[in-house]
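Given next are the chains, with one letter for each unit.
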Amino acid sequence: MPAVQRITTRNARFQQWESLLTNRNKRTRAREFLVQGVRPISLAVEHGWPVHALIYDGQRNPSKWLEELLRAVRVDRIAMAPEMLADLGEKNEAPPEAVAVVGMPADDLGRIAVGDDFLGVVFDRPTSPGNIGSIIRSADALGAHGLIVAGHAADVYDPKSVRASTGSLFSLPAVRVPAPGDVVGWVAAQRDRGKPIVVVGTDEHGDCDVFDFDFTQPTLLLVGNETSGLSSAWREACDTMVSIPMVGAASSLNAANAATAILYEASRQRITVARTGGRPQ
């Protein structure tokens, strides 16, 4: 088992980790990000993500969970002063059980598996990292196979996104791409391989209501920016547009809520077909 390293001052290594919380450029250069809490860290390990260090309270006896984790993974073990651990955990009071330093995977669309039942999501230029994490969580829960974050956008590995995903980031591939053309080319390549992906955009003035569209076919769902919706380039890439029927004064939903509602309908249709062998009801 690796030796325990003790950090009690805000040395250069601590400052590097602290910068990963707020500095996207440093996260990108280091190819590392911080993961806070028992469930997310457990899922990162379970799904084989590279854990570079485990940081925990050097003044508290480790829990059974932490003892087992330290035995299971051979990584740098950092016993840290509790007030410094609280800073890395972004908590004002008690520090978290542990914080992990985790390596980023490549932004490669090949990480997203495309089968006959493919269901994927594109989030166009999101500004809120919390919305990214929330969509990852919903997509994971409702049977999607991956999320693509496109354009100049908030960061998938921002702590707010990682926390909002509640660990689903580690089981659902989330890939960043610079522009729509990268995804359009990827979709075309999948179609050439016999996977007839239908590209479906979301808009309050869609071609049909969400429950009138057949989501049992291979589908890539496009969700627009929180303020301006889908860009013109993404609209041109769509095969069809769907809308969510609404009543009351609201004209639209939060991007994460809208994505969840449509993913639920896709999941409902697919479960219905699996159970009945017929077309979605």
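See the structure printed just above.
Residues numbered from 1 in each chain as written. Predicted model: local features only at pLDDT ≥ 70, side-chain atom pairs only at ≥ 80, totals over all residues. Heavy atoms only, no water.

1. Side note on the overall build of the chain
Inference 1: Of the regular secondary structure elements, the chain holds 10 helices and 12 strands.
Inference 2: For the chain, the C-alpha radius of gyration of 21 Å lies close to 19 Å, the compact-globule estimate for 281 residues.
Inference 3: If one aligns the C-alpha atoms of the chain with their principal axes, the spans along those axes are about 60 × 40 × 40 Å.
Inference 4: Within the span of the chain, comprising 281 residues, buried residues form 50% of the whole.
Inference 5: At a minimum sequence separation of 6, the contacts of the chain that also span at least 24 residues come to 76%.
Inference 6: When the accessible surface of the chain is totalled, it reaches about 13100 Å², and 48% of it is carbon and sulfur.
Inference 7: Counting 29 positive and 32 negative side-chain charges, the chain places the centres of these two groups 6 Å from one another. (Helix = DSSP H or I, 4+ residues; strand = E, 2+ residues; numbered from the N terminus. Rg over C-alpha atoms; globule rule 2.2 N^0.38 Å. Buried < 20%, exposed > 50% of the residue type's maximum accessible area, 1.4 Å probe, protein only. Contact = heavy atoms within 4.5 Å. Areas by Shrake-Rupley, 256 points an atom, 1.4 Å probe, with all protein chains shown as cover. Lys, Arg positive; Asp, Glu negative; His and termini not counted. Charge placed at Lys NZ, Arg CZ, Asp CG, Glu CD.)

2. Remarks on helix α3 (residues 38–46)
One turn of an α-helix holds 3.6 residues; hence residues three or four places apart share an orientation.
Inference 1: Among the residues making up α3, those that are buried are P40, I41, L43 and A44. Each buried residue of α3 lies within a common arc of 165° when the element is viewed along its axis, so the set occupies one face. Every exposed residue of α3 that faces more than 90 degrees away from the buried side is listed here: R39 and E46.
Inference 2: Where α3 is buried, its residues meet β2 (32–36), β3 (51–57), α4 (64–72) and β5 (98–103).
Inference 3: Looking at the residues trailing α3, positive phi occurs at G48, about 80°. (Arc of directions from axis to C-beta.)

3. Observations concerning the nonpolar core
Inference 1: Counting 54 residues, the largest nonpolar core has F33, L54, L147 and L169 as its most contacted members.
Inference 2: When residues in this core are grouped by element, the largest group, six residues, is from helix α10 (residues 255–276).
Inference 3: Sequence-distant contacts of L147, that is, excluding residues within four places in its chain, are made with I112, V121, F123, I132, I135, I136, L172, P173, A174 and V175.
Inference 4: If you look at the next biggest cluster of nonpolar residues, it comprises 20 residues, including L109, V114, V175 and C238. (Core = buried A, V, L, I, M, F, W, Y, C linked by side-chain atoms within 4.5 Å.)

4. Let's talk about the pattern of salt bridges
Inference 1: For the structure shown, the criterion picks out 12 salt bridges.
Inference 2: Between E97 and R60 there is a salt bridge; the shortest N-O distance is 3.3 Å. Of the two residues, E97 is situated in the loop between α5 (82–88) and β5 and R60 in the loop between β3 and α4; the sequence distance between them amounts to 37 residues.
Inference 3: Residue R60 is classed as partly exposed on the basis of its relative accessible area of 38%.
Inference 4: The shortest N-O distance in the salt bridge between D239 and R191 comes to 2.8 Å. Of the two residues, D239 is situated in the loop between α9 (232–237) and β12 (240–243) and R191 in helix α8 (residues 180–192); the sequence distance between them amounts to 48 residues.
Inference 5: Overall, R191 belongs to the partly exposed group, its relative accessible area being 37%.
Inference 6: Because the salt bridges share partners, they merge into one network encompassing R27, D107, D155 and R176. (Salt bridge = Lys/Arg side-chain N within 4 Å of Asp/Glu carboxyl O.)

5. Focus on the packing of helix α6 (residues 129–141) against α10
Inference 1: α10 packs onto α6 with a crossing angle of 10° between their chain directions and a minimal axis gap of 9 Å. Looking at the two axes, α6 sits roughly parallel to α10. On the side of α6, the interface is formed by N131, S134, I135, S138 and A139, while α10 contributes A255, A256, A259, T260 and L263.
Inference 2: By residue class, the composition of the contact of α6 with α10 is six nonpolar, four polar and no charged. (Axes fitted to C-alpha atoms, helices over the stretch in contact; angles between N-to-C directions. Parallel < 35°, antiparallel > 145°, perpendicular 65-115°, else oblique. Nonpolar A, V, L, I, M, F, W, Y, C, P; charged D, E, K, R; others polar.)

6. Examining the sheet that holds strand β4 (residues 76–80)
Inference 1: Reading across the sheet, the five strands line up as β1-β4-β3-β5-β2 and stay open at both edges, with mixed pairing between neighbours. Both outer strands of the open sheet, β1 (4–7) and β2, are each paired with one neighbouring strand and no more. Put simply, the sheet's adjacent strands are angled 25° from each other on average, direction ignored.
Inference 2: Looking at chain direction, β3 and β4 are connected through five bridges and run parallel. Each bridged residue has a counterpart across the sheet, and for A53 the counterpart in β4 is D76. (Pairing = 2+ DSSP bridges.)

7. What to know about the sheet that holds strand β9 (residues 198–202)
Neighbouring strands of a sheet are bound in pairs by backbone hydrogen bonds; such pairs are parallel or else antiparallel.
Inference 1: Read from one edge to the other, the open sheet built from seven strands follows the order β8-β7-β6-β11-β9-β12-β10, with strand pairing classed as parallel. With one partner strand each, in any of the chains shown, β8 (174–177) and β10 (208–209) form the two edges of the open sheet.
Inference 2: Each of β6 (119–124), β9, β11 (219–223) and β12 touches α10; the most contacted strand, β11, lies at about 160° to it.

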